[in-house]
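Given next are the chains, with one letter for each unit.
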Amino acid sequence: MLVLAVVVIWLYILPITMAGRRNRSGLIWFLIGLVGSPLLAILLLLALGDAPEQPTA
């Protein structure tokens, strides 16, 4: 039971870290995972790839 809980928590944290590496908002992708599913958020992040760099002024 504990292992299952750890896996579920990890599935919700994974999109946050993936989004951060791809220059995207971790909070938004966490919310997408809550509304849809974490697996959906992960697949969408993989499909979208990296966000374009924001120009710095």
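Residues numbered from 1 in each chain as written. Predicted model: local features only at pLDDT ≥ 70, side-chain atom pairs only at ≥ 80, totals over all residues. Heavy atoms only, no water.

Turning to the side chain of Arg22, a few remarks are in order. Turning to its location among the elements, Arg22 is positioned in the loop between helix H1 (2-21) and helix H2 (26-35). Of the buried charged residues, Arg22 lacks a salt bridge, with Asp50 as the closest side chain of opposite charge at 4.4 Å. (Helix = DSSP H or I, 4+ residues; strand = E, 2+ residues; numbered from the N terminus. Buried < 20%, exposed > 50% of the residue type's maximum accessible area, 1.4 Å probe, protein only. Lys, Arg positive; Asp, Glu negative; His and termini not counted. Salt bridge = Lys/Arg side-chain N within 4 Å of Asp/Glu carboxyl O.)

Here we take up helix H3 (residues 38-48). Of all the positions in H3, only Pro38, Ala41, Ile42 and Leu45 are classed as buried. End-on, the buried residues of H3 take up no more than an arc of 100 degrees, which puts them together on one face. In H3, the exposed positions angled more than 90 degrees off the buried face are occupied by Leu39, Leu43 and Ala47. Elements in contact with the buried residues of H3: H1 and H2. The positive-phi residue at the C-terminal boundary of H3 is Gly49, with phi of around 75 degrees. (Arc of directions from axis to C-beta. Contact = heavy atoms within 4.5 Å.)

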